[in-house]
Amino acid sequence: MAIAVRSSRGGGSGGVGAGFRSLFSYRIFISALFSLLFIATVSVLLTSRPPPTHHHSRLPTGANAYMHRTFLALNSDPLKTRLDLIYKQANDHITLVKTYAAYARKLKLENSKQLKMFDDLAKNFSDLTLKPSLFETDGNLDEDVLRQFEKEVKDRVKFARLMVAESKENYDNQLKIQKLKDTIFSVSESLGKAKKNGALASSIAAKSIPKSLHCLAMRLVEERISHPEKYKEELPKAEFEDPSLYHYAVFSDNVIAVSVVVRSVVKNAEEPWKHVFHVVTDRMNVAAMKVWFRMRPVEGGAHLEVKAVEDYSFLNSSYAPVLRQIESAKKQRFNFEKTTENVTKDGSNMKLKNPESMSILNHLRFYLPEMYPKLHKILLLDDDVVVQKDLTGLWKIDLAGKVNGAVETCFGSFHRFSQYLNFTHPLIKERFNPKACAWAYGMNVFDLDGWRREKCTETYEEWQNLNEDRTLWKLDALPPGLITFYSLTKSLDKSWHVLGLGYNPSISMDEINNAAVIHYNGNMKPWLDIAMNQYKNLWTKYVDNDMEFVQMCNFGV
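Predicted model, so just to flag it, every value in this text is computed and none were measured.

About the cut-offs
Counting starts from 1 at the beginning of each chain's written sequence and moves along it residue by residue. In keeping with the predicted nature of the model, local features appear solely for residues at pLDDT of at least 70, side-chain atom pairs appear and are counted solely at 80 or more, and the whole-chain, interface and lining totals rest on all residues. The side-chain numbers reported here are obtained from all heavy atoms of the structure, hydrogens and water having been left aside. Helical segments are the DSSP runs of H or I of at least four residues, strand segments are the runs of E of at least two, and each set is numbered from the N terminus. The buried label goes to any residue with under 20% of its type's maximum accessible area, the exposed label to any with over 50%, and the partly exposed label to all in between, with areas taken from a 1.4 Å probe on protein chains only. The contact rule is simple, with two residues in contact once any of their heavy atoms fall within 4.5 Å. Only the protein chains shown count as cover for residues, and the accessible areas themselves come from Shrake-Rupley with a 1.4 Å probe. Buriedness for pockets is judged along seven lines, at least five of which must meet protein on both sides within 12 Å for an open set on the 1 Å grid over protein atoms alone, while cavities are sets there where a 1.4 Å probe fits but cannot get out, and lining residues have an atom within 4 Å of a point. Grid points are joined across faces, edges and corners, and a volume is the space filled by probe spheres set on the points. In this classification, Asp, Glu, Lys and Arg are treated as charged, Ala, Val, Leu, Ile, Met, Phe, Trp, Tyr, Cys and Pro as nonpolar, and every other residue, Gly included, as polar. Axis angles are defined between N-to-C directions and span 0 to 180 degrees, where every axis is a line fitted to C-alpha atoms and, for a helix, only to the segment in contact. Here is the rule for angles: anything less than 35 degrees is roughly parallel, anything more than 145 is roughly antiparallel, 65 through 115 is roughly perpendicular, and the remaining ranges are oblique. Each crossing gets its handedness from the near helix: less than a right angle anticlockwise from the far helix is left-handed, clockwise is right-handed. Patches draw on residues past 30% relative accessible area with no salt bridge. Two like charges within 9 Å are joined, as are two nonpolar side chains (Val, Leu, Ile, Met, Phe, Trp, Tyr) within 5 Å. By definition here, a salt bridge exists when the distance from a side-chain nitrogen of Lys or Arg to a carboxyl oxygen of Asp or Glu is within 4 Å. Here the rule is simple: two strands pair whenever DSSP picks up at least two bridges between them. By nonpolar core is meant a set of buried Ala, Val, Leu, Ile, Met, Phe, Trp, Tyr and Cys residues that side-chain atoms within 4.5 Å join together. The score called pLDDT rates the predictor's confidence residue by residue, from a low of 0 to a high of 100. Aromatic contacts are taken between Phe, Tyr and Trp rings whose centres are within 6.5 Å, Trp giving its six-membered ring; a plane angle under 30 degrees counts as stacked, one over 60 as edge-to-face, and the others as tilted. The charged-residue count follows a simple rule in which Lys and Arg add positive charge and Asp and Glu add negative charge, with His and chain termini not counted at all. For the purposes of these results, a polar contact is taken to be a pair of N or O atoms within 3.5 Å, where, inside protein, one atom must be able to donate a hydrogen and its partner to accept one; residues adjacent in sequence count only when each atom of the pair is a side-chain atom. Only a pair of cysteine sulfur atoms within 2.5 Å counts as a disulfide in this structure description.

A word on the overall build of the protein. Check the secondary structure of the protein and you find 20 helices and ten strands. By the burial criterion, 43% of the 557 residues in the protein qualify as buried. Pairs at least 24 residues apart make up 76% of the contacts formed inside the protein by residues separated by at least 6 positions. For the protein, the exposed area adds up to about 30700 Å²; of that, 56% sits on carbon and sulfur atoms.

It is a probe the size of a water molecule, rolled over the atoms, that shows where empty space is left. By volume, the second largest pocket is sized at about 720 Å³. Elements that contribute at least two residues to the lining of the second largest pocket include exactly α9 (286–295) and β3 (303–308). If one sorts the elements of the lining of the second largest pocket by residue count, β3 sits on top with five residues. Within the lining of the second largest pocket, the residues separate by chemical class into 14 nonpolar, two polar and ten charged.

Axis separation between helix α8 (residues 255–267) and α9 bottoms out at 10 Å; the angle between their running directions is 40°. Here α8 lies oblique to α9, going by the angle between them. Both α8 and α9 take part in a crossing whose hand is right-handed. Counting all contacts with α8, which are made through Val-255, Ile-256, Val-258, Ser-259 and Val-262, the residues of α9 involved are Ala-288, Met-289, Trp-292 and Phe-293. In the contact of α8 with α9, the residues fall into eight nonpolar, one polar and no charged.

There is a patch of nonpolar side chains on the surface, built from Phe-29, Leu-33, Phe-34 and Leu-37 and spanning about 440 Å² of accessible area. Along the chain, the position of Leu-37 falls in helix α1 (residues 2–47).

Okay, the sheet that holds strand β2 (residues 275–281) next. Read across the sheet, seven strands follow the order β3-β2-β1-β4-β7-β6-β8 without closing on themselves; strand pairing throughout is mixed. Each of the sheet's edge strands pairs with one partner strand only, and the pair in question is β3 and β8 (489–491). Looking at each pair of strands side by side, their axes are set apart by 25° on average, direction ignored. The sheet contacts of α9 involve β2 and β3, and relative to β3 the element is tilted by about 165°.

Most often, soluble globular proteins have nonpolar side chains that are buried together. Formed by 68 residues in total, the largest nonpolar core has its most connected members in Leu-381 and Leu-391. Here this core takes nine residues from α8, the largest share from any one element. Contact partners of Leu-381, with chain neighbours within four places excluded, come to Tyr-248, Ala-249, Val-250, Phe-251, Val-261, Val-265, Val-387, Gly-442 and Met-443. Core analysis: the second largest hydrophobic core is formed by 45 residues, Val-280, Ile-378, Phe-423 and Phe-446 among them.

Another point: the confidence of the model for the protein. Of all residues in the protein, 71% have pLDDT values of 70 or greater, and the mean over the chain is 80. Note that residues 1–13 has pLDDT below 50 and, in this model, zero contacts with residues that lie over four places away or in other chains. Scored below 50 in pLDDT, residues 50–59 makes 28 contacts in the model with residues more than four places away or belonging to other chains.

This part is about the pattern of salt bridges. Under the defined criterion, the tally for this structure stands at 13 salt bridges. With its nearest N and O atoms 3.5 Å apart, the salt bridge here joins Arg-263 to Glu-299. Placement of Arg-263 in helix α8 and of Glu-299 in the loop between α9 and β3 is noted, with a sequence separation of 36 residues between them. Of the residues examined, Arg-263 reaches a relative accessible area of 17% and is grouped as buried. Of the residues examined, Glu-299 reaches a relative accessible area of 38% and is grouped as partly exposed.

On to the packing of aromatic side chains, then. Applying the stated rule across the entire model yields 18 aromatic pairs. For the ring pair Tyr-248 and Phe-277, a centre distance of 4.9 Å and an interplane angle of 15° mean the geometry is stacked. Here the residue Tyr-248 occupies a position in strand β1 (residues 246–251), and Phe-277 occupies one in strand β2, the gap between them amounting to 29 residues. By relative accessible area, which is 0% here, Tyr-248 ends up buried. Residue class for Phe-277 comes out buried when judged on its relative accessible area of 0%. Between Phe-446 and Phe-485, the aromatic rings sit 5.5 Å apart at their centres with planes inclined by 40°, giving tilted as the arrangement. Taken together, the residues Phe-446 in strand β7 (residues 443–447) and Phe-485 in the loop between α17 (478–484) and β8 connect sequence positions 39 residues apart.

Let us look at the side chain of Asp-383. Among the secondary structure elements, Asp-383 is positioned in the loop between β4 (377–381) and β5 (385–387). An unpaired buried charge is present at Asp-383: no salt bridge exists, and Lys-525, the closest side chain of opposite charge, is 6.0 Å distant. A distance of 2.6 Å separates a polar atom in the side chain of Asp-383 from a polar atom in the side chain of Ser-252. Ignoring any residue separated from it by four or fewer positions in sequence, one finds Asp-383 in contact with Ser-252, Asn-254, Ala-257, Val-261 and Trp-527.

Our next topic: the sheet that holds β5. The strand order β5-β10-β9 describes an open sheet built from three strands, whose pairing is mixed. Each end of this open sheet is capped by a strand with a single partner; those strands are β5 and β9 (497–498). In this sheet, strand β10 (residues 517–519) lies alongside β5 in antiparallel orientation, the contact comprising three bridges. Across the sheet, residue Val-386 finds its bridge partner in β10, namely Ile-518.

Evaluated as defined, the whole model comprises two disulfides. Cys-215 shares a disulfide with Cys-553; S-S distance 2.1 Å. Around the S-S axis, the bridge from Cys-215 to Cys-553 shows a dihedral of about -75° and counts as left-handed. Linking Cys-215 in helix α7 (residues 211–226) with Cys-553 in the segment after α20 (548–552), this pair joins segments that are 338 residues apart in sequence. Residue classification places Cys-553 among the buried positions, given a relative accessible area of 7%. One disulfide in the model links Cys-410 with Cys-437; its S-S distance is 1.8 Å.

This brings us to the pairing of β7. The element β7 is largely enclosed, with a buried count of five among its five residues. Because side chains alternate across β7, one face comprises the buried residues Met-443, Val-445 and Asp-447, and the other comprises Asn-444 and Phe-446, equally buried. In this structure, β4 lies alongside β7, joined through five bridges in antiparallel fashion. Bridge pairing in β7 links Lys-377 to Asp-447.

Have a look at this one:
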């Protein structure tokens, strides 16, 4: 057993030695093999130098380009590496300008100039890369020639980048979108300013007295002074208080406008001799108004009286709160000093801030029963309306116990009570419905008996006193009218009264032609230069052009 064991140990030692020798021989073999492969590879690389005559052509791409850069690196020639980079830069920009040229070509004529520029630039790059060999006869690069070549390439690259930068916004959609957004924002701001300025200018033009109108008033007053014997005061006619006739109330300081209203009514009336006009103006214009209608009597036998506000002695500041407010120095300062400031801030609310809104002529309508105590019904007409049909049917309409007959103006959410009254105030919020439909002044038939019964004038004065600080509504006659005749207004058919000819250019002519009364509410009054031409002739055809002073004042109608 002992011998067997020793024999086994001796055999194990010999096997280990043989294994070491075998492993050592294998490593020598592998090392020799790799050395031979390395020497062969280096030899191939060193003996496979590309001909120098190909350096003037475009550099190869892909695997060939990689091998070429490897040759340059192994040859340790920095000029050739530099040349390779120059060619690559030139080729990259050739691709860039050709891409922009292709896009410009798709845009066709809009960018034809840019298309030509990009095509020419791509051709210049191509010509540059096809220049004769930069190598000398011995196959080496001339550094001076290379430097000149590099300068030419860089100049073209610089020019190409400049062109791309200038044209990029035409091809970059994101830049286009951003530029469009900036433009829209800028235009919106400009439009907002233009609207405010336009609204202010329109208001100034609307509230200013045109030269021709001033001339007409002066001529009429001059006629009164020159021939006082012709214009003696006449005694009141019985027809002025006859309730069986058709009575109209027109409150205005505009002579030509009142003339058009009266003429349009009479010319379209079936029985003009049954129509009576009550014209009320201010002290400054009463003489001119009387002379006009004395020189140009109303046609068809219709009756007309002209009075001044001062002829109604009960209209004083102790009786009428609106007069007290007008005479208040505080209110006057607020109206005039704040108008321009508020207008520029909010052009859409300009009408409510104009001092004319507080004119007593604009508020006389709330005292009709007191002004005409013997009448039962009266038709109120604004001075900027034109009558196109016989209006006697309005007196035959059953108001069903209501006081005011008017055309409603609401549609959708527009022209509701909420737009005219301050519903944040508890008094307004408790008494009225913000969604109630508003109606229009300009052509209103009033039941004066019902008015007296419902004590509407007292209601108006009560609310006018409550609005001393103007927290319930802004300056205007419509909001107190909506309050005074709340639940007391009967809606009339819209064909009786079409509004908007002083601001809305899109009213259909069919609607206008079918209307009994058309209303030039808004700033573009028909007697002004800013009037809308498509509607102006509907007013001018009722102007009395035969009146000598109209011709002398060059009224321009």
